[in-house]
Every structure is written in structure tokens, then in C-alpha cells.
Amino acid sequence: MLPEPAKRELIAILGDDGFKDDPQSLVTHSYDGTPMQQALPDAVVYPRGTAEVSAVMKTLYNHRIPVVSRGSGTNLCGGTVPVQGGVVMVMHRMNRIVGIDLENLAAVVQPGVNTKAFAAHVESLGLFYPPDPSSMAVSTIGGNIAENSGGLRGLKYGTTKDYVIGLEAVLANGDIIRTGGKLMKDVAGYDLTKLLVGSEGTLAIITEATLKLIPPPKAKKTMLAMYADLYDAARTVSKIIENRIIPATLEILDNPTIRVVDDFAKLGLPRDAEAMLLIEQDGEPETVERDIARIEAICRAERATEVSVAKSPEEALKLLTARRSAFTALARLRPTTILEDATVPRSKIADMVLAIGRIARKHNVSICTFGHAGDGNLHPTATTDARDHDEVVRVEEAFAEIFEAAIELGGTITGEHGVGVVKAPFLEWKVGAAGIGAMKAIKAAFDPYNLLNPGKMFAKETRKRVVLQRG
Ligand SMILES: Cc1cc2nc3c(=O)[nH]c(=O)nc-3n(C[C@H](O)[C@H](O)[C@H](O)COP(=O)(O)OP(=O)(O)OC[C@H]3O[C@@H](n4cnc5c(N)ncnc54)[C@H](O)[C@@H]3O)c2cc1C
């Protein structure tokens, strides 16, 4: 429960319809896309603009009440679970595309704008906003920025961070800052724009973003390569890159994922294939033709059993949409689906695939693998049952070993889903104790009372000891 004076102040700022603390609203905002993570907030608020966010933050700061900003709650790291109670701030009412600047190829948007709707709007104006997380039909631009989300086009076009050129944000004490702008160059002081991208709501509340747009590619081709061996498919990924071809999309799906995606999307995929690569190239028509022919030759040299090119843009779209449904489709297999996000250098993707298989067998758990292979970003996904305590413990141990393997291969514990609650115990493995110290100092400078999304990013205890014991 919020203290009565704080509640009164928040209602005065937001009106009755901008403040909720009925049990249904609290339960609705107690969880997100992350399995097995839940905690009730004390209230939910719905600001309509930057001035309201600022006024709300001043109240929360004065009363020392935690706040968790929330887009659509699709994150997979427990990022919007209010683990220390307080207020969940839902950004959905701040959902305006403020403007598209055709002279500067830039867009200004509020954080609650839906990613897919924004990308479609930009496309209708003959421009291109590449970041395309598989959740884009539901996610918000604010959530994408706070998680620095990637997507199917990350390999060639980069991730959200590469398109955020300016931000407006509200600090813990309610002050409003502006960073960057419609500028291609800006070295005035520390790069606060880049610092806030990926900060998971722990440093400031993003209230407006300036995004870079680019001209769209002129041509596009999509192809599938099927394999009898997952390792061959993974090796093909490294070979394509080694041959200095950077496809727009280079996704891998293992056999269980192919099957569930095919059940879901009815594509008629060969269900006995052990792996599939979904590859798209775009650009100038001649370059696309040349690259697709070279990629096909590489796939065949790496023992692809079948290679086919989509016959029409509709077929290509169907394939990409099916890939985006992989997580949802896998969720139909068992009651609980835990999707992870280990990332390795692209040359190590085949080693990582082997390690995941070995670790899953060792712990006797079912882990399917798909992901943005061209980025070295795999999504090993455990299909399990949260009610089976023993199995969940085995899944957790398996994932700890998977993160360890990723780091040993020069990789990281998360490539795009963020740290949140679930990866916090592993962060030190990646950044070291000194790295944690530097990050905590930044957090303290922005948020001295630890009110912005507390309990995220930094764990009370690292899982380091487990690794040392095992080693
Ligand atoms: C089916 C599925 C597929 C997915 N595919 C991908 C994928 O391909 N690539 C990928 O990177 N991720 C993917 N995700 C993860 C998730 O969709 C992304 O992290 C997404 O960016 C979250 O957006 P959201 O609007 O739902 O944010 P939320 O989940 O609501 O919030 C995410 C984080 O951002 C913070 N936040 C939200 N708004 C603000 C704000 N205005 N200011 C400050 N902080 C804020 C929150 O506090 C939280 O820490 C997927 C998830 C699902 C369920």
C-alpha cells in the first residue's frame, strides 16, 4: 500500500483514471513475459506526457517510493516485475509519433509507440526503421530502447542502439534531460544517449526518442537451407560471414523448433530436418542475386540437404513471420517455456550449439535452439514445468553452464534480452567485480535512493561461487 499522502498527490497529478490500486490492476502488472517471476506493485500509474512523468517522479522521490517503467511487458528478464513493490508506470498513453523529419531522416516518438506500427508508418513514407524484435507486434519503442533490443535484421543493420540518436528522459528526482538530437555527430560531453539505451529502466524514464531512419533496400530475397546435422548448419553461419557476405537475416532453427513452427504456421517444412537456416539478403538487385547464389553454394558445400528460394514476397513474409512465432510455438509444448539468450562470437556458433546439446543431455532436460545465428545470438529454450521443482533446478543448472560455456567461448550472458532479475546473478561473470563497481557508481549517480527499477541488474549475490566450485 502506498502512503495516503503519496496516493493523494499522484491522483492530483494524474486524475482518477491515471491511478489504479485495485487488486486486478495490481495482479495484471505483477508479471511480464518472464516465466516464474512475479511480485505485486502497490499502485499502477498511466502518465499522458513528460510533464506528468516529471511530477510523478518528484512525488515518488520525495516519498522514496520505487518505480518500474513498463511498455508492453514482453521482456524476458523479469525487467518489469516490481520486486520491491512501489509503482508501475505504464507508458501506453504516451503513444504518439510526434513527427517524421524527411529532411533529416529522423523520427521523434513517445515511448509507448508500438514498434510494428511505427515501422509500418515509416515504410509508408518510403523509409526504413530496421530494428525488428520478434515481439514487435506487441512491444513498444521505449521497451526496445531500454533493453537495446535486437531482431532478425541485427546482423546487417545493427540493433536499437544504432538508431537512437536523441532522448528526452526524466531523472529520479523529476528533472528532465535532453540528450543528442537530430544530429549525426555530437561529442558534447559523455554520451548519455548510449548510456540510457539498454539501461533497463534503472537510470531514468525515457519520455521521448529521436530515431534515425534510412532508405529502404531496393531488392530482397529470402531462402531456406535444410540440414541433416545441426552442427553443419551452425558451421555454415560462420562460413557465410568468413566469405565476407553479411546477409540481412541469418536465423537458425533446430528440429523441435522446425516442427512446432510448422505445426503453428502450416508451412510444409521438412519435419525430419535436423536444422534449418532462414537467410535473407537485401540491397541493390545485382548484389542480392550475386550474394544469394554465393550463399547457396556455401550451404551446399557445408552439406545442406535442400536449398530453396522463396518464390514471392508473400512466401518470404510467411517464412519470416513463422520464425518470429518460434517462441510462441515452443510454448505450446509444455507448461513452462524458459527462453535464454547466450551470445558468442560468430566464429564460435557451431561450438556453442554443440555445448548446448551436451549440457542439455548432462542435466536430462529438453532444450530447443533457435536464434539470430548470424549475430552469434542463440536462444536455447527449455520446455519444462514450473511445478516440477527437481526439473526446474536441473534447467537452472543447465542454463548456468550454458552461460559459462558462452563466456568461455568469448561470449556473453545476454545478447539482447537484458539482465533484469534473471541474469543479475551472472552479470559479474561477464563484466568482473571492477565492472560491477563502475556500473554501481553510475547507478548511484543517477539514482541515489535506488528508486528506479530496484532489484534489477545487480544481484544480492553473484553465482560466481558455483562456477569456482565446479571448476
Ligand atoms: C515472443 C517474444 C519474442 C521476442 N523477441 C525478441 C527479439 O527478437 N529481440 C529482442 O531483443 N527481444 C525480444 N523479446 C524480448 C522483448 O520483447 C524486448 O525486450 C522488448 O524490447 C520489450 O519491449 P516492451 O515494450 O514489452 O518493454 P517491457 O517489457 O515493458 O520493458 C522492458 C524494460 O524496459 C524498461 N522500460 C520500458 N519502458 C521504459 C521507458 N519509457 N523508460 C525507461 N525504461 C523503460 C522496463 O522497466 C523494463 O526494464 C521477445 C519477447 C517475446 C515475448
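Rules behind the numbers
- Residues numbered from 1 in each chain as written.
- Predicted model: local features only at pLDDT ≥ 70, side-chain atom pairs only at ≥ 80, totals over all residues.
- Heavy atoms only, no water.
- Domains from an automatic or database assignment.
- Contact = heavy atoms within 4.5 Å.
- Buried area = accessible area lost by both parts, 1.4 Å probe.
- Salt bridge = Lys/Arg side-chain N within 4 Å of Asp/Glu carboxyl O.
- Phe/Tyr/Trp six-rings, centres within 6.5 Å; stacked < 30°, edge-to-face > 60°.
- Helix = DSSP H or I, 4+ residues; strand = E, 2+ residues; numbered from the N terminus.
- Buried < 20%, exposed > 50% of the residue type's maximum accessible area, 1.4 Å probe, protein only.
- Lys NZ or Arg CZ within 6 Å of the ring centre and 35° of its normal.
- Pairing = 2+ DSSP bridges.
- Axes fitted to C-alpha atoms, helices over the stretch in contact; angles between N-to-C directions.

**Student:** Please explain the domain arrangement of the protein as it appears in this structure.
**Tutor:** Interface size is often expressed as the accessible area that is lost when the parts come together. Taken as a whole, the protein is organised into domain 1 (4-90), domain 2 (97-212) and domain 3 (219-408). Placing the centre of domain 2 and that of domain 3 at their C-alpha centroids yields a distance of 27 Å. If you look at the interface, domain 2 gives 11 residues, while domain 3 gives 16 residues. With both sides pooled, the region where domain 2 packs onto domain 3 buries about 1100 Å², and carbon together with sulfur makes up 52% of that total. At the junction of domain 2 and domain 3, the tally comes to two salt bridges.

**Student:** Would you mind showing me how to read the packing of aromatic side chains here?
**Tutor:** Evaluation of the coordinates by the stated rule reveals seven aromatic pairs. A ring pair is formed by Tyr129 and Tyr163, whose centres lie 6.0 Å apart and whose planes are at 75°; its orientation type is edge-to-face. Taken as a pair, Tyr129 in the loop between α4 (115-124) and α5 (141-147) and Tyr163 in the loop between α6 (154-157) and β7 (164-170) lie far apart in primary sequence, 34 residues in all. With a relative accessible area of 4%, Tyr163 lands in the buried category. When the ring of Phe399 is compared with that of Phe403, the centres are 6.3 Å apart and the planes differ by 15°; the resulting orientation is stacked. Here Phe403 and Phe399 lie together in helix α14 (residues 389-408), a separation of four residues that amounts to about one turn. On the basis of relative accessible area, Phe403 is assigned to the buried category, the value being 1%. Its guanidinium or amino end placed over the ring of Tyr61, Arg64 lies 5.2 Å from that ring's centre, counting from NZ or CZ. Over the ring of Tyr449 we find Arg64; its NZ or CZ atom is 3.5 Å from the centre of that ring.

**Student:** Where do I start with the sheet that holds strand β4 (residues 87-90) in this structure?
**Tutor:** Hydrogen bonds along the backbone pair up the strands of a sheet, which may run parallel or antiparallel. Across the sheet, four strands lie side by side as β1-β2-β4-β3; this open sheet has mixed pairing. Among the strands making up the open sheet, the edge pair consists of β1 (19-20) and β3 (67-70). Where helix α3 (residues 50-63) meets the sheet, its contacts fall on β2 (43-45), β3 and β4, and the angle it forms with β4 comes to roughly 175°.

**Student:** Sorry, what's going on with the sheet that holds strand β8 (residues 176-180) here?
**Tutor:** Reading across from one edge, β5-β6-β9-β7-β8 is the order of the five strands in this open sheet, with antiparallel pairing throughout. Two strands in the sheet have a free side with no partner beyond their single neighbour: β5 (97-101) and β8. Pairs of neighbouring strands in the sheet enclose a mean axial angle of 10°, with direction left out of account. Here five bridges tie β7 to β8, and the two strands are oriented antiparallel to one another. Within β8, the residue paired with Gly166 across the bridge is Gly180. Sheet strands touched by α4: β5, β6 (106-109) and β9 (205-212). Its angle to β5, the strand with the most contacts, is close to 30°.

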